[in-house]
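Given next are the chains, with one letter for each unit.
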Amino acid sequence: MRNRQPKHIVVADHLRRRISSGHYPAGASLPGRRLLASEYAVAQMTIQSAIDDLVGEGLLRTENGRGTYVSATSCVSHTKADVSDGVGLGLVGILARVYPNRPESAKSTSDAVIEELERIISTAKGSSVYYNIYRPDLSIIPLADSVSRLIEHGVNGIVVVNEHDTAQINELISRELHGRVPIVFATGHRVLSRVSCAYFDNKAWGRTVARHLLERGCRRLLAFAPKTSTWMTDRIEGAREAIAESGLPQSVLTELVGSERVSVPRFAPEADFAWSTMESFEFASRAITADIGFDGVMAGNDCYALGFAKAVEHLGLQAGRDYALVGFDNSAEARNERLSSVQRPIGLLAASSIGLLSRLLSGEQGPLAEGVDAGVVVRHSSMVPLSS
C-alpha cells in the first residue's frame, strides 16, 4: 500500500467507503482480521487499529467471540452522488415483467427495484414512465416492441428490470433500437456483454459467504441447491476463489447441486417458498448420508437452506451448533428462523442502474457494466463455536 498516511488510516478510510457504498450493508459481518490483513498487505495489528477507529465512529460494533458487524445506523442512502450532477435525466422509461393484479403482499423483487428507481429518478429531478411487458392475459409484449413504445413516448433513456431472455435482447439489438436511446439492464445476474448492465454480483456474494464460513473455522464446505442456476454457478465460483485466497485446497468445497434447471416462478410467493422448502428437504433427505461430511453450508437461497436444515436433523445435526448455514435473499422466514443470509441490495442495484444511465446520457460510450456486492446478515445459524 503506497500512501503517506499511516496504514491504519488508509485501511479505515477504505473500509469506511465500503460501508457507505453498501458493500458491507447494515448488519453484515466484517471479514476476519487475518483475511483483511492479507487483502491490504498489512499486519493484523494495523487492521485492529483501523477497526477500533470505525467502532469509535459508530460505524462498526464488535461482539466478543462472535465477530465485527456493521452498525444498523451506519448505512444511509446509497444513491449514487453523481446522478444529479451531470446531464439531467429528464424522462426515463422503466420496463419490467410484473404479474398484473397481484395483492400488495405478493410484491416481487422487480416491484422493489421499480419503486427504488422511481424514487431515485424523482430525487434527481427527473420523471419516469413505466411499461409492463406482461399483458393482462400474461402474454408477453416483445422487448423490442416495448422499447419502441417508450421511444415514441419521448424518453431520454430506459432501464429494463430483471430481463434475462437472450433471444429478446438479441432481437432488440438486431433492430438497432438499442442505439437510439441509452438502455441499461438491472438484473439478478449479468446478461449479454453487448448491453449496459447493473447486476447482482453473485460471484462476489459467493466469495463473501465462503470467507464468512472459513472465518468461523469451517473446513468442509458444502454448496447446496436442489436445482442448478446461473447465480448458483457464479456463487460456487466465487466460493472457490475465496478458498484459493485462503491457501486451502479446493477439496475443502463439495458441490451438491441438482441437475434440473430452476423452473418459472409460481404466482403466490408464500406458497412458492413453502413448496421450494419442501423440495429442498426432499432433495437433501435423498442425497445427504452420514458419510458426507460438512461443517459449513452455502445454500442456494433461504428456502433451500431451511429445507436442508430440516432434512439433516435426523442425523442429529443442528445449524448454529454443529455446522454453519447461510442462505440468500434475507427473507422474513430467514429472520424468523434465525438464519444467516445475504441481503439483496435492491437500493444499490437501482442506484447503479441510474448511475450507468446518467453516464451514458453524459456521452460516455457503452456498454457499461457494474456488479453490486452484498454482505452476510449474521444470525444464529452460522455462529458455530470458532475452531481452536
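Relevant structure appears above.
Read on for a plain summary of the structure. (Residues numbered from 1 in each chain as written. Predicted model: local features only at pLDDT ≥ 70, side-chain atom pairs only at ≥ 80, totals over all residues. Heavy atoms only, no water.)

Let's talk about the layout of surface pockets
- Empty space within the second largest pocket amounts to approximately 460 Å³.
- Every residue lining the second largest pocket is counted, 25 residues in all, and those nearest its centre are Ser 29, Leu 30, Pro 31, Gly 32 and Glu 215.
- At the level of elements, α2 (33–40), β2 (67–70) and α7 (202–215) are the ones that each hand at least two residues to the lining of the second largest pocket.
- In terms of residue count, α7 provides more of the lining of the second largest pocket than any other element does, six residues in total.
- Its residues placed into classes, the lining of the second largest pocket shows seven nonpolar, nine polar and nine charged. (1 Å grid on protein atoms, 1.4 Å probe; cavity = no way out; pocket = protein on both sides within 12 Å on 5 of 7 lines; lining within 4 Å. Points joined across faces, edges and corners; volume = space filled by probe spheres on them. Helix = DSSP H or I, 4+ residues; strand = E, 2+ residues; numbered from the N terminus. Nonpolar A, V, L, I, M, F, W, Y, C, P; charged D, E, K, R; others polar.)

Here we look at the sheet that holds strand β3 (residues 91–96)
- One open sheet holds the six strands; their spatial order is β4-β3-β5-β6-β7-β13, and the pairing between them is parallel. Both outer strands of the open sheet, β4 (127–132) and β13 (369–372), are each paired with one neighbouring strand and no more. Geometrically, the sheet is characterised by an average inter-axis angle of 20° between neighbouring strands, direction not taken into account.
- Note that β3 and strand β5 (residues 157–161) share five bridges and pair parallel. When the bridges of β5 are listed, Val 92 appears paired with Gly 157.
- In the packing of helix α5 (residues 143–153) onto the sheet, contacts are made with β3, β4, β5 and β6 (183–187), and the angle to β3 comes to roughly 160°.
- Against the sheet, helix α12 (residues 346–361) touches β3, β5, β6, β7 (196–200) and β13, its axis set at about 165° to β7. (Pairing = 2+ DSSP bridges. Axes fitted to C-alpha atoms, helices over the stretch in contact; angles between N-to-C directions. Contact = heavy atoms within 4.5 Å.)

Quick word on the pairing of β7
- Extensive coverage of β7 is indicated by the burial of five of its five residues.
- The two faces of β7 match: Ser 196, Ala 198 and Phe 200 on one face and Cys 197 and Tyr 199 on the other face are all buried.
- Direction of pairing for β6 relative to β7: parallel, over a ladder of four bridges. Among the inter-strand pairings, Ala 186 is bridged to a residue of β7, identified as Ala 198. (Buried < 20%, exposed > 50% of the residue type's maximum accessible area, 1.4 Å probe, protein only.)

Some words on the sheet that holds strand β12 (residues 340–342)
- Taken in spatial order, the six strands of this open sheet run β9-β8-β10-β11-β12-β14, and their pairing is mixed. Each of the sheet's edge strands pairs with one partner strand only, and the pair in question is β9 (253–257) and β14 (376–377).
- As defined by bridge partners, strand β10 (residues 296–299) adjoins strand β11 (residues 324–328) across three bridges and the pair is classed as parallel. Across the sheet, residue Val 297 finds its bridge partner in β11, namely Leu 325.
- Across the sheet, α7 is in contact with β8 (221–225), β10, β11, β12 and β14; its angle to β11 comes to roughly 165°.
- Relative to β9, helix α8 (residues 230–245) is tilted by about 175°, and along the sheet it contacts β8, β9, β10 and β11.

Structural notes on the pairing of β8
- When you tally the buried positions in β8, you get five out of five residues, the bulk of the element.
- The pairing of β8 with β9 spans five bridges and is classified as parallel. When the sheet's bridge partners are listed, Phe 224 is paired in β9 with Leu 256.
- As a crossover connection, the stretch from β8 through α8 into β9 is right-handed.
- Sheet analysis places β8 next to β10, joined by four bridges and oriented parallel. Residue Leu 222 lies in a different strand from β10, and its bridge partner there is Val 297. (Right-handed = clockwise from strand over helix to strand, strands pointing away.)

Focus on empty space enclosed by the protein
- Inspection of every chain in the model, using the stated rule, returns one cavity of 30 Å³ or more.
- Within the residue set of the lining of the largest cavity, elements represented by two or more residues are α7, β8 and β10.
- The element best represented in the lining of the largest cavity is β8, accounting for three residues.
- For the lining of the largest cavity, the class distribution of residues is eight nonpolar, one polar and no charged.

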